[in-house]
Amino acid sequence: MTTINLEEAIAEYGPEELDELEAIEPVNLDTANSPFANMLINMLEGGGRSMRAKVQSGEIDPSAQPYFENGKLYGQDFQALREEAVASGELFTDPEFPPDEKSLYFSESAPYSFEWMRPKELVDNPMLFEGGASRFDINQGELGDCWLLAALANLTLNKKLLYRVVPLDQSFTEDYAGIFHFQFWQYGEWIDVVIDDFLPTRGGKLMFMHSADENELWTALVEKAYAKLHGSYESLKGGSTGEAMVDFTGGCGEMYQLKERGIPEDMFSIVRKAYDRCSMMSCSLEPDPRVTEAKTEVGLIRGHAYSITKVVKARIETPRVQGQIPLVRIRNPWGNEAEWNGAWSDGSPEWQYIPDDEKEILGINFEHDGEFWMSYKDFMKYFDQIEICNLTPDSLEDSEAFCDRPRWEVTSWEGVWLPDKSAGGCRNNLGSFASNPQYLVNVEDPDDSDDDDLCTIIISLMQKGRRALRDEGLDMLTIGFALYYVKDPGAISLPLDTDFFRYTRSAGRSKAFINMREVSQRFRVPPGAYAIVPSTFNPNEFGQFLLRVFSEKKSTCESINE
């Protein structure tokens, strides 16, 4: 988190000095093995089989973006397809993601034999949910998608969001026709993904994600729908929990490297507030390049995604002192005995100092279910990364369980970078920088718990990748944004011109200009007006974007180009 220093922002600098201070170096993310970067490439290799044939035959122009149509992947309408299957008496088989080897792997042949089976061939009484959904339903199979499981575990904590991703208008009884559908948020809109219910098995058991109760199938079916969205099951091997959490919620993602210099001093406050606001969170240890998912002496797994399910200050009573201790509850998606074995682990002696009534409030149990507690101090010592997905207010409305929780205030704008018009590139290109879209945000009320009378804002810039195939995947634009303090908006010409940027230092900017789908940064700012300038790194690159501003207190944001 960056704390804005207004004295530096309004200090006088010469143009040459500012050019040096404001110079930007891009960061190039290696996306060669990213399931997100290769999404549409994988779609044409695995998913979208019928669509691919139409594109290759010339029946469909690939530049017309045939993959999402009216909020539906490949234009497939769940209700119409189910009615057609029911009327025909034949179970649905998905022509876009059929039960064959290519839906499993896009780069190689399956390393072992498998069989596609429908749930009714596997169990006597298949159900979408058995006794409701919980984080303990989510267990990893043979696919390396622990990051996806960690995101799903968080999703179960908010039933409103869960049932948006997993619509309840489907079952294995009423109008069953072997077809299901799920919804994922993509670049500002919800996309409906239809699948058949053939699942990969070996020896009569599910190969990949599954619930402890064999009759419960929602986890396996969600995983298949997400695999279809990204082209194949293989495309889910290795990924970002943060991206999945955004896809499940439409929220705003943040990532913190806990061992880097400059980590916020009030990191616990950030994590605690995130939990209070029902944010979804995950954490991980740096991988061991020599060993996949290497187990450490303290029981934690390197290169493995965990979900954070609770953050508290627990009441503690020892012979010498009484007070509160920061604790974090974490879950391993393996759902077994592979847990932390240090202080505050299951059954450790530290728990004798927590009063029984406090244990009941915390929901303490010592089962081999993959879930465990750690002190915040040990959490920061052993974990290397934390990802937070901040939810928008509409994600929580009408949700009784969260009606009394604090919520982010959010404003959002859709924009476009047009070559030779509004695609000025970053501040390195001073002559064209002012032509970029500009937005003025006003923050007035400091955070309730901020002793410095500062306001927290999170700025999220997401490039919308639904253009042509060439603009997806490996050709993700390098994007970022700059933030400028505007002392008196009424006394200055808007939009801000080149002279303003020539003599004014930015108050802050995104941590990097990088070729990622979303770039976000958290700031603590004094009340006032600030201009946000989102841009691509290079000038004259076409792109569409979604800009969102999250604040603890109500703020206003307006476009100042119009």
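Every value quoted in this text rests on a predicted model; they were computed, and no experiment measured them.

Participant: Sorry if this is basic, but what is going on with the sheet that holds strand 8 (residues 199-202) here?
Facilitator: Ordered by their spatial adjacency, 3 strands build an open sheet running 5-8-9, and the pairing between neighbours is antiparallel. Only two strands of the sheet have a single neighbouring strand rather than two, namely strand 5 (115-117) and strand 9 (205-206). Inspection of the sheet shows strand 5 paired to strand 8 by 3 bridges, in the antiparallel sense. Note on strand 8: the bridge partner recorded for tryptophan 116 is proline 200.

Participant: Please explain the packing of helix 8 (residues 146-155) against helix 11 (residues 241-249) as it appears in this structure.
Facilitator: In a pair of packed helices, the angle between the axes and the distance between the axes together describe the arrangement. Two elements in contact, helix 8 and helix 11, have axes separated by 8 Å at closest approach and are oriented at 40°. Viewed along their axes, helix 8 and helix 11 adopt a mutual orientation that is oblique. The chirality of how helix 8 crosses helix 11 is right-handed. For the pair formed by helix 8 and helix 11, the contact residues are Trp147, Leu148, Ala150, Ala151, Leu152, Asn154 and Leu155 on the first element and Thr241, Ala244, Met245 and Phe248 on the second. Across the contact of helix 8 with helix 11, the residue classes tally to 9 nonpolar, 2 polar and no charged.

Participant: Even after reading the chapter, I still don't get unusual backbone geometry, so can you show me in this structure?
Facilitator: Where the residue is not glycine, phi is negative for most of them; where a peptide bond is considered, it is trans in most cases. Each neighbour pair has its own omega, and for leucine 494 with proline 495 the value is 0°, a cis peptide bond. The topology assignment puts proline 495 in the loop between strand 19 (479-486) and helix 16 (498-503). Unusually for a residue other than glycine, asparagine 70 sits at a positive phi of about 55°. Locating asparagine 70 in the fold gives a position in the loop between strand 3 (68-69) and strand 4 (72-73). If you check the backbone angles, aspartate 453 has positive phi at about 60° while not being a glycine. Within the secondary structure, aspartate 453 sits in the loop between strand 17 (439-443) and strand 18 (455-464).

Participant: How should the packing of aromatic side chains be read in this particular structure?
Facilitator: How two aromatic rings sit relative to each other is given by the distance of their centres and the angle of their planes. What the rule picks out here adds up to 33 aromatic pairs. Ring centres of phenylalanine 129 and tyrosine 163 lie 5.6 Å apart, and the angle between their planes is 85°; on these two criteria the pair is classed as edge-to-face. Residue phenylalanine 129 is found in the loop between helix 7 (119-122) and helix 8, and its partner tyrosine 163 is found in helix 9 (residues 159-165); the two are separated by 34 residues along the sequence. According to the relative accessible area criterion, phenylalanine 129 is buried, its value standing at 16%. Owing to a relative accessible area of 28%, tyrosine 163 belongs among the partly exposed residues under this scheme. When the ring of phenylalanine 513 is compared with that of phenylalanine 537, the centres are 6.5 Å apart and the planes differ by 65°; the resulting orientation is edge-to-face. Taken together, the residues span a long stretch of sequence, with phenylalanine 513 in strand 21 (residues 513-514) and phenylalanine 537 in the loop between strand 23 (528-536) and strand 24 (543-551) at a distance of 24 residues. This pair shows no difference in class: phenylalanine 513 is buried, exactly as phenylalanine 537 is. Grouped by ring-pair contacts, the aromatic residues Phe268, Tyr306, Phe372, Tyr376, Phe379 and Phe383 constitute a single cluster.

Participant: Any chance you could explain the pairing of strand 6 (residues 179-186) here in plain terms?
Facilitator: Counted residue by residue, strand 6 has 7 buried out of 8 residues, so it is predominantly covered. For strand 6 and strand 7 (residues 189-196), the ladder comprises 8 bridges, and the chain directions are antiparallel. Bridge pairing links phenylalanine 182 to valine 193 in strand 7. Two successive antiparallel strands, strand 6 and strand 7, enclose a turn made up of 2 residues, where tyrosine 187 displays a positive phi of approximately 55°.

Participant: Even after reading the chapter, I still don't get the nonpolar core, so can you show me in this structure?
Facilitator: Nonpolar side chains tend toward joint burial in soluble globular proteins. Of all hydrophobic cores here, the largest spans 65 residues; its most connected members are Trp218 and Phe248. Those elements that provide at least two residues to this core are helix 8, helix 9, strand 6, strand 7, helix 10 (218-230) and helix 11. Of all the elements, helix 8 adds the most residues to this core, at 9 residues. What phenylalanine 248 contacts, discounting residues up to four positions off in sequence, is Leu148, Ala151, Leu152, Leu155, Leu161, Val165, Phe184, Trp190 and Tyr226.

Participant: What is the right way to read the confidence of the model for the protein chain from this model?
Facilitator: Interpreting fine coordinate detail is not advised for predicted regions of low pLDDT. Confidence in the prediction of the protein chain, expressed as mean pLDDT, is 86, and 89% of residues score 70 or more. In this model residues 31-44 is a low-confidence stretch, pLDDT under 50, and it forms 52 contacts with partners more than four residues away in sequence or in other chains. With pLDDT under 50 throughout, residues 398-403 is counted as low confidence; its partners more than four residues away or in other chains account for 7 contacts.

Participant: Would you mind going over the pattern of salt bridges with me for this structure?
Facilitator: For side chains of opposite charge, pairing can occur when their charged atoms come near one another. One pass over the structure, following the stated rule, counts 25 salt bridges. A salt bridge links glutamate 260 to lysine 511, with the nearest nitrogen and oxygen atoms 2.8 Å apart. Here the residue glutamate 260 occupies a position in the loop between strand 10 (252-257) and helix 12 (267-276), and lysine 511 occupies one in the loop between strand 20 (508-509) and strand 21, the gap between them amounting to 251 residues. Accessibility expressed as a relative area gives 39% for glutamate 260, which makes it partly exposed. If you follow the salt bridges from partner to partner, you end up with Arg315, Glu317, Asp357 and Glu358 in one network.

Participant: I keep staring at the sheet that holds strand 10 and nothing clicks. Help me out?
Facilitator: Within the open sheet, the 6 strands sit side by side as 10-15-11-12-13-14. Their pairing is antiparallel. Edge positions in the open sheet fall to strand 10 and strand 14 (371-375), since each of these has one partner strand only. Strand-to-strand twist of the sheet, defined as the mean angle between neighbouring strand axes without regard to direction, takes the value 35°. Where strand 13 (residues 322-331) and strand 14 come together, 5 bridges link them in antiparallel fashion. Bridge pairing in strand 14 links valine 328 to methionine 374.

Participant: Looking at this structure, I do not really get the side chain of arginine 82. What am I missing?
Facilitator: Positionally, arginine 82 belongs in helix 5 (residues 78-88). This buried residue, arginine 82, is left without a salt bridge; aspartate 175 holds the nearest opposite charge, at 4.7 Å. A polar contact of 3.3 Å, which involves the side chain of arginine 82, links it to the side chain of glutamine 79. With near-sequence residues (within four places) excluded, arginine 82 lies in contact with Asp169, Gln170, Asp175, Ala177 and Ile179.

Participant: Is there a simple way to explain the environment of valine 410 in this structure?
Facilitator: The topology assignment puts valine 410 in strand 16 (residues 409-417). The sequence separation of valine 410 and isoleucine 458 amounts to 48 residues, and the corresponding C-alpha distance is 9.4 Å. In this structure, valine 410 is in contact with Thr392, Pro393, Val549 and Phe550, ignoring residues within four places of it in sequence.

Conventions adopted
- Residues numbered from 1 in each chain as written.
- Predicted model: local features only at pLDDT ≥ 70, side-chain atom pairs only at ≥ 80, totals over all residues.
- Heavy atoms only, no water.
- Pairing = 2+ DSSP bridges.
- Helix = DSSP H or I, 4+ residues; strand = E, 2+ residues; numbered from the N terminus.
- Axes fitted to C-alpha atoms, helices over the stretch in contact; angles between N-to-C directions.
- Parallel < 35°, antiparallel > 145°, perpendicular 65-115°, else oblique.
- Left-handed = near helix turned anticlockwise from the far one by under 90°.
- Contact = heavy atoms within 4.5 Å.
- Nonpolar A, V, L, I, M, F, W, Y, C, P; charged D, E, K, R; others polar.
- Phe/Tyr/Trp six-rings, centres within 6.5 Å; stacked < 30°, edge-to-face > 60°.
- Buried < 20%, exposed > 50% of the residue type's maximum accessible area, 1.4 Å probe, protein only.
- Core = buried A, V, L, I, M, F, W, Y, C linked by side-chain atoms within 4.5 Å.
- pLDDT = per-residue confidence, 0-100.
- Salt bridge = Lys/Arg side-chain N within 4 Å of Asp/Glu carboxyl O.
- Lys, Arg positive; Asp, Glu negative; His and termini not counted.
- Polar contact = N/O pair within 3.5 Å; in protein donor to acceptor, adjacent residues only side chain to side chain.

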